Amino acid sequence: MDDLTSIIDQLKDHEKRISALEGNLTSNNLKTTSKVKELTITELVKGEKFHSGQKKIATIVGYCEKILKLEKIDEGKIKNNWVNGKFDGKYRSNFIERAVGDGLIRDLEDGTYDLSQTGESFFEELLHKNNGKTQS
């Protein structure tokens, strides 16, 4: 029985060390660890001149997918990030249809969207141009 207790204690110690190495925050070390500031949509698009609403939509979907790590990107999230990103012009839902038609994003047919391969290339180029702003 003492052997079993010893093994369990050793496993707990290993889990604690692995968590520390992987950067998992516990309530004990949360106070001493600094948090990396996340790139905002406004910072990402600052100074960018977009030539179409489709590219603005692809940027928003890319931001949600790649920076925020969201799996479900619906029209509501796109609208909110349009406002948060302070994009020029009014948001129009037909921009989504055009972005799908141009092959920048994919309609997953459940009311959500993600980047296509072409959209990923576009977004990676945008991130590369703004390399000094990213924390990824």
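Predicted model only: the values in this text are computed from it and were never measured.

A. Representation of the pattern of salt bridges. The tally for this structure, following the rule as stated, stands at five salt bridges. With a closest N to O distance of 3.8 Å, Glu-65 and Lys-66 form a salt bridge. Owing to a relative accessible area of 18%, Glu-65 belongs among the buried residues under this scheme. With its nearest N and O atoms 3.7 Å apart, the salt bridge here joins Glu-120 to Lys-66. You can see Glu-120 sitting in helix H6 (residues 117-129) and its partner Lys-66 sitting in helix H3 (residues 53-67), a full 54 residues away along the chain.

B. Broad picture of a nonpolar patch on the surface. Together, Met-1, Leu-4 and Ile-8 line one region of the surface with nonpolar side chains, adding up to about 350 Å² of accessible area. We classify Leu-4 as partly exposed; its relative accessible area is 48%.

C. Representation of the packing of aromatic side chains in the model. Under the criterion given, the structure shown has four aromatic pairs. Between Phe-50 and Phe-87 the ring centres are 5.8 Å apart and the planes differ by 50 degrees, which places this aromatic pair in the tilted class. Highlighted residues: Phe-50 in the loop between helix H2 (41-45) and H3 and Phe-87 in the loop between helix H4 (75-84) and helix H5 (94-101), separated in sequence by 37 residues. With respect to burial, Phe-50 and Phe-87 carry one shared label: buried. Judged by centre distance (5.3 Å) and plane angle (35 degrees), the ring pair of Trp-82 and Phe-87 falls under tilted. Residues Trp-82 and Phe-87 agree in their burial class; the two are buried. Taken together through their ring pairs, the aromatic side chains of Phe-50, Trp-82, Phe-87, Tyr-91 and Phe-95 make up a single cluster.

D. Representation of H4 in the model. Those residues of H4 lying buried are Ile-78, Asn-81 and Trp-82. Projected down its long axis, H4 carries its buried residues within an arc of 110 degrees, all on one side. Its buried side turned inward, H4 meets H2, H3, strand S1 (73-74), H5 and strand S3 (112-115). A positive backbone phi angle near 55 degrees is found at Lys-86, which sits one or two residues after H4.

E. Geometry of the packing of H3 against H6. Contact geometry for H3 and H6: axes closest at 9 Å, N-to-C directions at 80 degrees. With respect to H6, the element H3 is oriented roughly perpendicular. Residues Lys-55, Ala-58, Thr-59, Gly-62, Tyr-63, Glu-65, Lys-66 and Ile-67 of H3 form the contact with H6, whose participating residues are Glu-120, Phe-122, Phe-123, Leu-126 and Leu-127. Classifying every residue of the contact of H3 with H6 gives seven nonpolar, two polar and four charged.

F. Just the sheet that holds S3, in detail. The antiparallel open sheet is built from three strands, whose spatial order is S1-S3-S2. Two strands in the sheet have a free side with no partner beyond their single neighbour: S1 and strand S2 (105-107). Here S1 runs beside S3; their pairing, made up of two bridges, is antiparallel. For Asp-74, the partnering residue across the bridge sits in S3 and is Thr-112.

G. Local environment of the confidence of the model for the protein chain. Across the protein chain, the average pLDDT comes to 85, with 86% of residues at 70 or higher. pLDDT under 50 marks residues 26-34. Its contacts with residues more than four places away, or in other chains, come to three contacts.

What counts and how
Residues numbered from 1 in each chain as written. Predicted model: local features only at pLDDT ≥ 70, side-chain atom pairs only at ≥ 80, totals over all residues. Heavy atoms only, no water. Salt bridge = Lys/Arg side-chain N within 4 Å of Asp/Glu carboxyl O. Buried < 20%, exposed > 50% of the residue type's maximum accessible area, 1.4 Å probe, protein only. Helix = DSSP H or I, 4+ residues; strand = E, 2+ residues; numbered from the N terminus. Patch = residues over 30% accessible without salt bridge, like charges linked within 9 Å, V, L, I, M, F, W, Y side chains within 5 Å. Areas by Shrake-Rupley, 256 points an atom, 1.4 Å probe, with all protein chains shown as cover. Phe/Tyr/Trp six-rings, centres within 6.5 Å; stacked < 30°, edge-to-face > 60°. Arc of directions from axis to C-beta. Contact = heavy atoms within 4.5 Å. Axes fitted to C-alpha atoms, helices over the stretch in contact; angles between N-to-C directions. Parallel < 35°, antiparallel > 145°, perpendicular 65-115°, else oblique. Nonpolar A, V, L, I, M, F, W, Y, C, P; charged D, E, K, R; others polar. Pairing = 2+ DSSP bridges. pLDDT = per-residue confidence, 0-100.

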